Amino acid sequence: MADPTSYENLLRRLEDAEHRLAKTERNAQIARDWVEISNLHGRYNHLCLGHYWDKIVDELFAQKTPGVKVEIVESGVFHGLEGARRVFVDMLGKLYNYEGNCAIHELTTPIIQVQPDMTTAKGMWFHVGFNTFDDPVKGVIPIWQVIKYNHIFVKEDGQWKFWDYRAHLLIRSSFEKGWVDEPVIQGSAIQGALPDEAPKPDEPTSFHEPYSGRIGNHSGLPMPPEYVDLDDF
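Being a predicted model, the structure only gives us computed values, none of them experimental. (Residues numbered from 1 in each chain as written. Predicted model: local features only at pLDDT ≥ 70, side-chain atom pairs only at ≥ 80, totals over all residues. Heavy atoms only, no water.)

*Asks:* I'd like a description of the packing of aromatic side chains, backed by residues and values.
*Replies:* As enumerated under the stated definition, the model contains 15 aromatic pairs in all. Centroid distance Phe162 to Tyr165: 5.5 Å. Interplanar angle 75°. Geometry classified as edge-to-face. In this structure Tyr165 comes out as buried when scored by relative accessible area, which is 1%. Taken together, the ring pairs in this structure connect Tyr44, Phe61, Phe88, Trp125, Tyr149, Phe153, Phe162 and Tyr165 into an aromatic cluster. (Phe/Tyr/Trp six-rings, centres within 6.5 Å; stacked < 30°, edge-to-face > 60°. Buried < 20%, exposed > 50% of the residue type's maximum accessible area, 1.4 Å probe, protein only.)

This is the structure in structure tokens:
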């Protein structure tokens, strides 16, 4: 019978304890990352309601990491912080600058997957919106909106930031008709009433497949990020 107090056994027990401690510390970090990414996105949704477009770009997006991208529904993909500013300040800031505007964006069904490098993460949510639309005939009307957020995040100076921001439209419908008879009200782009004067994207829209109402079934795409067992790394 092996002597439990022998040097070899004590060394094995020490190595096992160090391994379990490292795994525990990593799992704790992953749990903290999950909370911080959730808080980042929640902060974004609160800022949307208050029209704090500059703060969204300056505080929530990566400032030092190359490769920032923004894509909202079918308005194309914008590159870099300058592109993010064109979307949120020059496009959304002007589109939603009318009396009676309301954009309450609830977050549901989160899937957040930290990647093996521990400095990037993928996340997907549904957003259910109690929004308004400035109808050219009726004026401000209430609408339903459902978006599938599909992002990549990067940890920059110890803080999680948006890196590749994607918002794919599922429905944007009036209260009167609902999403079966009117799944997408007045188009779905975010350029506003004068699309020719809106900022131009750096590349075409990568994915756009809204719910079609009574015709066919929705594919459910894009799919959420794949599960990664970080114990394998």
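*Asks:* Describe the pattern of salt bridges, and please don't skip the residues or the numbers.
*Replies:* Note that side chains of opposite charge can pair when their charged atoms are close. Enumeration according to the criterion identifies 16 salt bridges in this entry. Between Glu176 and Lys138 there is a salt bridge, and its shortest N-O distance comes to 3.0 Å. Placement of the pair is Glu176 in the loop between strand S6 (159–174) and helix H4 (178–181) and Lys138 in the loop between strand S4 (120–135) and strand S5 (139–156), with a sequence separation of 38 residues. A relative accessible area of 52% means that Lys138 is categorised as exposed. (Salt bridge = Lys/Arg side-chain N within 4 Å of Asp/Glu carboxyl O. Helix = DSSP H or I, 4+ residues; strand = E, 2+ residues; numbered from the N terminus.)

*Asks:* Just give me the short version of unusual backbone geometry, but keep the residues and values in it.
*Replies:* The residue after Leu221, namely Pro222, is reached through a cis peptide bond having omega -5°. Here Pro222 is to be found in the segment after H4. At Asp157, a residue that is not glycine, the phi angle is positive and equals roughly 55°. Turning to its location among the elements, Asp157 is positioned in the loop between S5 and S6.

*Asks:* How would you explain the environment of Tyr96 if you had to name every residue and give the values?
*Replies:* Mapped onto the secondary structure, Tyr96 falls in the loop between helix H3 (80–95) and strand S3 (103–114). Judged by its relative accessible area of 19%, Tyr96 falls in the buried class. Between the alpha carbons of Tyr96 and His218 there is a distance of 29 Å; along the sequence they are 122 residues apart. Those residues within four positions of Tyr96 in sequence are excluded, and the remaining contacts are His51, Trp53 and Asn101. (Contact = heavy atoms within 4.5 Å.)

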